[in-house]
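Breakdown of the fold
As a plain string of letters, each chain reads:
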Amino acid sequence: MTATPAVPVPADHLMGVYSRTPLAFERGEGARLYTAQGEAYLDCLAGIAVNALGHANPKLVQALKDQADKLWHVSNIFTIPGQEALATKLTDACFADVVFFSNSGAEAVELAIKVARRRHWAKGQPERIDIIGFDGSFHGRTIAAINASGNESYLEGFGPRLPGFIQLPFGDLDALKAAVGPTTAAIIIEPVQGEGGARSASDAYLKALRQLCDESGTLLIYDEIQCGLGRTGKLFAHEWVDGALPDIMCIAKALGGGFPVGACLATAEAAQGMTFGTHGSTYGGNPLAMAVGLAAVEELTKPELLAHVREVAGYFVQQLSGLQEQFPDVIEDVRGKGLLIGIKLKTPNREFMQHARDQHLLIAGGGDNCVRLLPPLTLTLDEAREAIGKLEQACSAARVRAKSAS
Ligand SMILES: *Cc1c(COP(=O)(O)O)cnc(C)c1O
């Protein structure tokens, strides 16, 4: 008998899908995170664009506490007044007519795909199932979402690519025109890519997408899970472009400011197939999530907050281009939109994140050897100045390391 070699059990009893730093935090306030030992860090990743209103935002905390005392959960078979209130608030603020609340971004993406396919089915075109996505895109980690995402590595070992998903180069209009045909259901795109490295689609490209969709009867899905809800300095990133509204849009992340909630929004026309029994969720849109979501959207839709984002973003862009001139051997490019900022590096991005952590600055990684700044939208100009000082130190450390390695 041959003994099967034992697979070691990790000491933390967690599946090893993350490469975590040993850093742990005990509490947060605004843009600061504190370890149990009381060490403070400046948080310029905000739970990957989730804590848009900062940590322990008093309004969100109060909304959650008030609701927690009253009612946590009923079922979606009952009327949930908070859902109706939040759906009204969201649809008043954008192109959409109807909303379905989910618990996460990936679930919102799943639903967007269902909405699109079902709409064509309802209109007598069941063959229209193809979802066209773009390289470098990220739409979440469920089976459908990894098939829609533009990163082959997410699919490895999880079976063949599902039928009905097509990947094209980001920004290549000719390739897209050639690919759209009688079996196309929808195009899914992040107006500003997040995980892929803060690449922004050009205005002309988004307009052309809309036009192509109109001509071919294709639905346009925006994944604004990361770039939406104020992150770019407009409530939704697509508002920067005239004449490029979607038919369907996914949001999540900032929607709950740290409480898990997502949403799929659509025009009534696009959602016409979503009739009784076609979708559901146990937790989606429960009273706790809706109470926090309402408080968050109340803040995120304030013109003062959006103006503040544009101001702080302008400061970052200016200062970062200064750093790029100072450290051309470290910084290759600065890109993104608003407070979704990508810094493409010439030195390894993982190392750079550590250099930043050494300065007690937290930043996110990203595709294409980028690091991303995704601070709370409430980050003050003083805090932005502090972040730039720490980034300068990180650039110096990266330069020293690159020199000693060569
Ligand atoms: C984070 C993210 C998702 C996935 O959201 P989850 O809540 O992790 O499922 C999808 N799309 C984009 C653009 C994202 O940034």
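Residues numbered from 1 in each chain as written. Predicted model: local features only at pLDDT ≥ 70, side-chain atom pairs only at ≥ 80, totals over all residues. Heavy atoms only, no water.

A separate point is the packing of helix α10 (residues 349–358) against helix α11 (residues 381–405). The N-to-C vectors of α10 and α11 enclose an angle of 130°; their axes lie 8 Å apart at closest approach. With respect to α11, the element α10 is oriented oblique. Crossing of α10 against α11: the hand is right-handed. Contacts between α10 and α11 involve E351, F352, H355 and A356 from the former and L391, A394, C395, A397, A398 and R401 from the latter. Its residues placed into classes, the contact of α10 with α11 shows seven nonpolar, one polar and two charged. (Axes fitted to C-alpha atoms, helices over the stretch in contact; angles between N-to-C directions. Helix = DSSP H or I, 4+ residues; strand = E, 2+ residues; numbered from the N terminus. Parallel < 35°, antiparallel > 145°, perpendicular 65-115°, else oblique. Left-handed = near helix turned anticlockwise from the far one by under 90°. Contact = heavy atoms within 4.5 Å. Nonpolar A, V, L, I, M, F, W, Y, C, P; charged D, E, K, R; others polar.)

In this sheet, strand β6 (residues 165–168) lies alongside strand β5 (residues 130–134) in parallel orientation, the contact comprising four bridges. Residue F134 lies in a different strand from β6, and its bridge partner there is L168. Crossover β5 to β6 through helix α5 (residues 143–148) is right-handed. (Pairing = 2+ DSSP bridges. Right-handed = clockwise from strand over helix to strand, strands pointing away.)

Taken together, S104, G105, A106, F138, H139, G140, E190, D223, I225, Q226 and K253 make up the full set of residues near the ligand. A distance of 2.7 Å is found between an oxygen atom of the ligand and a backbone nitrogen or oxygen belonging to A106. Residue K253 places a side-chain N or O atom 2.6 Å away from an oxygen atom belonging to the ligand. Class assignment of the residues belonging to the shell around the ligand gives a composition of three nonpolar, five polar and three charged. (Near = heavy atom within 4 Å. Polar contact = N/O pair within 3.5 Å; in protein donor to acceptor, adjacent residues only side chain to side chain.)

A word on a nonpolar patch on the surface. On the surface, a cluster of nonpolar side chains totalling about 450 Å² of accessible area is made up of M15, V17 and Y18. Relative to the helices and strands, Y18 resides in the segment before β1 (27–29). (Patch = residues over 30% accessible without salt bridge, like charges linked within 9 Å, V, L, I, M, F, W, Y side chains within 5 Å. Areas by Shrake-Rupley, 256 points an atom, 1.4 Å probe, with all protein chains shown as cover. Salt bridge = Lys/Arg side-chain N within 4 Å of Asp/Glu carboxyl O.)

What follows deals with the nonpolar core. The biggest cluster of nonpolar side chains holds 81 residues, and the ones touching the most others in it are L176, I189, F316 and F352. Tallying contributions element by element places helix α9 (residues 303–326) first for this core, with nine residues. Per-domain counts for this core show at least three residues from each of domain 1 (11–57 + 304–405) and domain 2 (71–300). A108, A186, I221 and C250 belong to the second largest nonpolar core, which has 25 residues in total. (Core = buried A, V, L, I, M, F, W, Y, C linked by side-chain atoms within 4.5 Å. Buried < 20%, exposed > 50% of the residue type's maximum accessible area, 1.4 Å probe, protein only. Domains from an automatic or database assignment.)

If you check which residues of α10 are buried, you get N349, F352, M353, H355, A356 and R357. Looking at the buried positions of α10, the neighbouring elements they touch are β3 (40–43), β12 (340–345), β13 (361–362), β14 (364–366), β15 (370–373) and α11.

As a further point, take the sheet that holds strand β8 (residues 219–223). In spatial order, the strands read β4-β10-β9-β8-β7-β5-β6; together these seven strands make up an open sheet with mixed pairing. Of all the strands in the sheet, just β4 (98–102) and β6 have a single pairing partner and so form its edges. Taken over all neighbouring pairs, the strand axes of this sheet differ in orientation by 20° on average, direction set aside. Across three bridges, the pairing between β5 and strand β7 (residues 184–189) is parallel. Following the sheet pairing, I132 is matched in β7 by I187. Contacts from helix α4 (residues 105–122) reach β4, β5, β6, β7, β8, β9 (248–251) and β10 (262–266), with the element oriented near 170° to β9.

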